[in-house]
Amino acid sequence: MQTIDEFARGTEHLEDRAHLAERLAKGDHLRIKFGVDPTAPDIHLGHTVPMRRLRSWQESGHLPVIIIGDWTARIGDPSGRSETRPPLSAEEVEANAQTYLDQLFLILDRERTEVRRQTEWFDRMGLADVLRLCAARTVQQILQRADFTERMRSERAVGIHELLYPLLQGYDSVAVDADLEIGGTDQLFNLLAARQIQQWYGKPAQDVATLPLIPGLDGVRKMSKSYGNYIGIAEPPEEQYGKAMSIPDELIVRYLQLATNVPAPEVDEWARRLQADEVNPRDAKAFLARAIVGEFHGEEAARRAEQAFRHVHGGGGVPASIRRVPLARPGQSKVVDVFREAFAGTKDERSKSEIRRLSLSGGLKVIDPGGNAYAPRIEDGAETMKTEPGTVLSIGKRAFVELIAPQP
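Treat the numbers as computed from the prediction; the structure is a model and nothing was measured.

Hey, could you go over the overall build of the protein chain for me, with residue numbers and the actual values?
A tally of helices and strands in the protein chain yields 18 helices and 13 strands. Here the C-alpha radius of gyration of the protein chain, 24 Å, is about what a compact globule of 408 residues would show, namely 22 Å. Dimensions along the principal axes, computed over C-alpha positions, put the protein chain at roughly 75 × 45 × 35 Å. The proportion of buried residues among the 408 residues of the protein chain is 50%. Positive and negative side-chain charges in the protein chain, numbering 53 and 60 respectively, have mean positions lying 4 Å apart.

Could you give an account of the layout of surface pockets, with specific residues and numbers?
Counted as a void, the second largest pocket has a volume near 600 Å³. If you list the elements that add at least two residues to the lining of the second largest pocket, you get helix H3 (45-59), helix H13 (252-259) and helix H14 (264-275). Among the elements that make up the lining of the second largest pocket, the one with the highest residue count is H3 (5 residues). The residue makeup of the lining of the second largest pocket, split by class, is 10 nonpolar, 6 polar and 6 charged.

Requested: an account of the pattern of salt bridges, with residues and values cited.
If you walk through the whole model with that rule in mind, you get 30 salt bridges. Here Arg 112 makes a salt bridge to Asp 109, at a shortest N to O gap of 2.9 Å. Through salt bridges that share partners, Arg 31, Glu 114, Arg 116 and Glu 120 make up one connected network.

Any chance you could break down the sheet that holds strand S7 (residues 323-326) for me, citing the residues and the numbers?
Here we have 5 strands laid out as an open sheet, ordered S7-S13-S12-S9-S10, and mixed in their pairing. Edge strands, defined here as strands with exactly one partner in the open sheet, are S7 and strand S10 (373-374). Sheet topology places strand S12 (residues 392-395) next to strand S13 (residues 399-404); 4 bridges connect them, and they run antiparallel. Across the sheet, residue Ser 394 finds its bridge partner in S13, namely Phe 400. Helix-sheet contacts for helix H17 (residues 335-342) involve S7, strand S9 (364-367), S12 and S13, and the interaxial angle to S12 is about 85 degrees.

Lay out the pairing of strand S6 (residues 207-211) in plain terms, naming residues and giving numbers.
Taken across its 5 residues, S6 has 5 buried, putting it largely inside the fold. Covered by surrounding structure in S6 are Asp 207, Ala 209 and Leu 211 together with Val 208 and Thr 210, the residues of both alternating faces. Strand direction decides the pairing type here: strand S1 (residues 13-15) and S6, joined by 3 bridges, are antiparallel. Among the inter-strand pairings, His 13 is bridged to a residue of S6, identified as Thr 210.

Any details on the environment of Leu 45? Residues and values, ideally.
Its location among the elements puts Leu 45 in helix H3. Measuring from C-alpha to C-alpha, the distance between Leu 45 and Glu 114 comes to 22 Å, with 69 residues separating the pair along the chain. If sequence neighbours within four positions are ignored, Leu 45 has contacts with Arg 52, Ile 214, Met 223, Ile 231, Ile 233, Ala 259, Ile 292 and Phe 296.

Tell me what's going on with H17, and back it up with residues and numbers.
Burial analysis of H17 places 6 of its 8 residues in the buried class, which makes it a mostly covered element. Within H17, the full set of buried residues consists of Val 335, Val 336, Asp 337, Val 338, Phe 339 and Ala 342.

So what's going on with the packing of H3 against helix H15 (residues 281-297)? Residues and values would help.
Relative orientation of the contacting elements H3 and H15 amounts to 70 degrees, with a least axis distance of 14 Å. The angle between H3 and H15 places the two elements in the roughly perpendicular class. Only Ile 292, Glu 295 and Phe 296 of H15 make contact with H3, whose side of the interface consists of Leu 45, Thr 48 and Arg 52.

Can you break down the nonpolar core residue by residue, with the values?
Formed by 64 residues in total, the largest nonpolar core has its most connected members in Ile 182 and Tyr 255. Ignoring anything within four residues of it in the chain, the contact list for Ile 182 reads Ile 32, Lys 33, Phe 34, Pro 50, Leu 54, Trp 57, Leu 191, Ala 209 and Leu 211. Grouped together as the second largest cluster of nonpolar side chains are 18 residues, Val 336, Phe 339, Val 366 and Ala 399 included.

Residue-level account of the packing of helix H10 (residues 165-176) against helix H11 (residues 188-200), with values.
At a minimum axis separation of 8 Å, H10 and H11 run at an interaxial angle of 60 degrees. As judged from the angle between their axes, H10 and H11 are oblique. Handedness of the H10/H11 crossing: right-handed. Counting all contacts with H10, which are made through Tyr 165, Pro 166, Leu 167, Gln 169, Gly 170, Tyr 171, Ser 173 and Val 174, the residues of H11 involved are Phe 189, Asn 190, Leu 191, Ala 194, Ile 197 and Gln 198. For the contact of H10 with H11, the residue count by class is 9 nonpolar, 5 polar and no charged.

Pulling in residues and values, what's your account of the packing of aromatic side chains?
One pass over the structure, following the stated rule, counts 8 aromatic pairs. Taken together, the ring pairs in this structure connect Trp 71, Trp 121, Phe 122, Tyr 171 and Tyr 201 into an aromatic cluster. A cation sits over an aromatic face here: Lys 243 above Tyr 230, 4.1 Å from the ring centre. Between the NZ or CZ atom of Arg 273 and the centre of the ring of Trp 270, over which it lies, the distance is 5.1 Å.

How would you explain unusual backbone geometry if you had to name every residue and give the values?
Of the consecutive residues Glu 15 and Asp 16, the connecting peptide bond is found in the cis state with omega at 10 degrees. Checked against the element boundaries, Asp 16 lands in the loop between S1 and helix H2 (17-25). For Asp 177, which is not glycine, the phi torsion reads 55 degrees and is therefore positive. Looking at the element boundaries, Asp 177 is found in the loop between H10 and strand S5 (180-184).

Just give me the short version of the sheet that holds S6, but keep the residues and values in it.
In spatial order, the strands read S1-S6-S5-S2-S3-S4; together these 6 strands make up an open sheet with mixed pairing. Edge positions in the open sheet fall to S1 and strand S4 (114-117), since each of these has one partner strand only. Across the sheet, the mean angle from the axis of one strand to that of its neighbour is 20 degrees, orientation sign disregarded. Packed on one face of the sheet, helix H4 (residues 90-104) meets strand S2 (31-36), strand S3 (63-68) and S4 and runs near 170 degrees to S4. Across the face of the sheet, H11 comes into contact with S1, S5 and S6 while running at roughly 175 degrees to S6.

Conventions adopted
Residues numbered from 1 in each chain as written. Predicted model: local features only at pLDDT ≥ 70, side-chain atom pairs only at ≥ 80, totals over all residues. Heavy atoms only, no water. Helix = DSSP H or I, 4+ residues; strand = E, 2+ residues; numbered from the N terminus. Rg over C-alpha atoms; globule rule 2.2 N^0.38 Å. Buried < 20%, exposed > 50% of the residue type's maximum accessible area, 1.4 Å probe, protein only. Lys, Arg positive; Asp, Glu negative; His and termini not counted. Charge placed at Lys NZ, Arg CZ, Asp CG, Glu CD. 1 Å grid on protein atoms, 1.4 Å probe; cavity = no way out; pocket = protein on both sides within 12 Å on 5 of 7 lines; lining within 4 Å. Points joined across faces, edges and corners; volume = space filled by probe spheres on them. Nonpolar A, V, L, I, M, F, W, Y, C, P; charged D, E, K, R; others polar. Salt bridge = Lys/Arg side-chain N within 4 Å of Asp/Glu carboxyl O. Pairing = 2+ DSSP bridges. Contact = heavy atoms within 4.5 Å. Axes fitted to C-alpha atoms, helices over the stretch in contact; angles between N-to-C directions. Parallel < 35°, antiparallel > 145°, perpendicular 65-115°, else oblique. Core = buried A, V, L, I, M, F, W, Y, C linked by side-chain atoms within 4.5 Å. Left-handed = near helix turned anticlockwise from the far one by under 90°. Phe/Tyr/Trp six-rings, centres within 6.5 Å; stacked < 30°, edge-to-face > 60°. Lys NZ or Arg CZ within 6 Å of the ring centre and 35° of its normal.

Shown next as structure tokens:
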């Protein structure tokens, strides 16, 4: 029988702890709800934090109930964001949802997981049903959510449709008879609101557990595709490995704790050795990178990814120690701007015209995080390249720069 302390390990906020402890003591098997908004096709390591906890609870006999937000994704939840998310079409949502599920079941046991879609209940709702749901909460209560408050204070728009999001998410708990709902710390308002909505419909209030948000590669903001500071679990092994090697040293232990299946005693030992300066942070990051790649691609893929990384960053003409420069802006940028900004203020600084001439003679080189190298050619200055953490740039044979996650 699982104790409340064992169950709560790794959670940040738990409500109602006493009620949950009583249910566990009775040996109840819980329906644990986890909602996913398929607003993008890929899952990153940040998403796996609650999934790992779900797998642990699943192995103790509890049932994960995955809610595919195929209805609310058409609204867009701005939780933790300062702007409205754009709506998606039904076709985009379904394509994203299927990709999410394929990746989700790399962690969860498919046979012991219940998957539900919001369209099961919301497509049947009429206006009278919506108005009854709206009566469950007041405008004042909804506007207490921090991101709404901040946007109103700064006179940025809040759509009426966005105010409905906490109500709709709460109704999901009614529809699936959730005993417990989990989510990131940025979802606490919505999770707690669902308790009142369940009671409004005459059902027992779910318990709530939040889990920590993993910092992105920049070490400041939460991991997000929007910020370009993520490691996707479906990315190629070499790309995962290179990104893991680009994190700030102070995130090594946090990533081992939240983003891997490395046993806690082993994580504690790495933390002790790092604190005592008994190990080079680069070696600890290599261990972390192998753990991440090994989980999603296998040990052999992790070994090959490490060899490719060492060839790029410690051999093959690339020095083992090179200057690291924060990305000015992740994503697509003009090649000429990337090289000019990366080498600015050094003896290898070049003007835009010099960079263009060098490109035409093969004097520029780009090595992406996966170890793929190419020589960009600049014809009119409008050519772009993808910039991401772990990319290596070179001018000639001796001037190298590695791009790292952007700084706040």
